[in-house]
Amino acid sequence: VDVGSALVNTHPNAHKNLHAVESSPVRIGDYVVFGASDGYLYVASIANGDIKQKINLGAPIFSTVAAVGGFLFVTDLSGNMSAFRLLK
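Presented here is an overview of the structure given in this document. Remember, it's a predicted structure, so these values are computed and weren't measured experimentally. Each chain has its residues counted from 1, following the order in which its sequence is written. Side-chain atom pairs in this predicted model are given and counted only at pLDDT of 80 or more, local residue features only at pLDDT of at least 70, and totals for whole chains, interfaces and linings cover all residues. Only hydrogens and water are set aside when side-chain values are computed; all heavy atoms of the structure are taken into account.

### Considering the packing of aromatic side chains
Part 1 of the reasoning: Two rings from Phe, Tyr or Trp (for Trp, the six-membered ring) form a pair when their centres are within 6.5 Å of each other. A pair whose planes differ by under 30 degrees is stacked, one over 60 is edge-to-face, and the rest are tilted. Enumeration according to the criterion identifies three aromatic pairs in this entry.
Part 2 of the reasoning: Taking 5.2 Å as the distance between ring centres and 10° as the angle between the ring planes, the aromatic pair formed by Phe 34 and Tyr 42 counts as stacked.
Part 3 of the reasoning: Between buried and exposed lies partly exposed: a residue is buried under 20% and exposed over 50% of the maximum accessible area for its type, with that area taken using a 1.4 Å probe on protein chains only. Note on Tyr 42: relative accessible area 0%, which makes it buried.
Part 4 of the reasoning: Where Tyr 40 meets Tyr 42, the ring centres are 6.3 Å apart and the plane angle is 50°; that geometry is what we call tilted.
Part 5 of the reasoning: According to the relative accessible area criterion, Tyr 40 is partly exposed, its value standing at 24%.
Part 6 of the reasoning: Each residue in the set Phe 34, Tyr 40 and Tyr 42 is aromatic and connected to the rest through ring pairs, giving one cluster.
Part 7 of the reasoning: Here the guanidinium or amino end of Lys 54 rests over the ring plane of Tyr 40, the centre of that ring lying 4.5 Å away. Charge-over-ring contacts are defined here by two conditions on Lys NZ or Arg CZ: a distance within 6 Å of the ring centre and an angle within 35 degrees of the ring normal.

### Overview of the sheet that holds strand 1 (residues 26-28)
Strand pairing in a sheet relies on backbone hydrogen bonds, with the paired strands running either antiparallel or parallel.
Part 1 of the reasoning: Read from one edge of the open sheet, four strands run 1-2-3-4, paired in antiparallel fashion. Among the strands making up the open sheet, the edge pair consists of strand 1 and strand 4 (51-56). Strand-to-strand twist across the sheet, computed as the mean angle between neighbouring axes with direction ignored, equals 20°.
Part 2 of the reasoning: The pairing criterion for strands is at least two bridges between them, as found by DSSP. Where helices and strands are cited, they refer to DSSP runs of H or I of at least four residues and of E of at least two residues respectively, numbered from the N terminus. For strand 3 (residues 40-45) and strand 4, the ladder comprises five bridges, and the chain directions are antiparallel. Looking across to strand 4, one finds that Val 43 is bridged to Gln 53. In this analysis, axes come from line fits to C-alpha atoms, helices being fitted only over the stretch in contact, and the angle between any two N-to-C directions falls in the range 0 to 180 degrees.

### Considering the sheet that holds strand 5 (residues 66-68)
Part 1 of the reasoning: Ordered in space as 5-6-7, the three strands form an open sheet in which the pairing is antiparallel. The sheet is open, and its two borders are formed by strand 5 and strand 7 (81-85), each paired with just one other strand. Taking each pair of neighbouring strands and ignoring which way they run, the sheet shows an average axis angle of 25°.

Structural data, given as structure tokens:
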């Protein structure tokens with residue numbers, strides 16, 4: 001999955017258009033969910049890598065998402081926590 005340019009540079013000696021995923025992906029059914037340093041939360045197909053959904057949180061996501069009780073929780077670098085209901 002091609003992610004966008006990082007909002008902040010966290011790698012020394014990296015070029016300014018770094019495209020990075022610095023969190024662990026989590027499998028939810030047929031999809032993998034992860035945050036990226038471009039500030040987006042991604043839901044991608046495991047089968048072919050197609051992006052099913054891309055949500056702009058506005059700040060880099062360096063933490064691993066958590067799926068608990070039918071919800072998906074994610075925190076961003078600004079200290080915000082977002083929750084999304086998982087649909088079947």
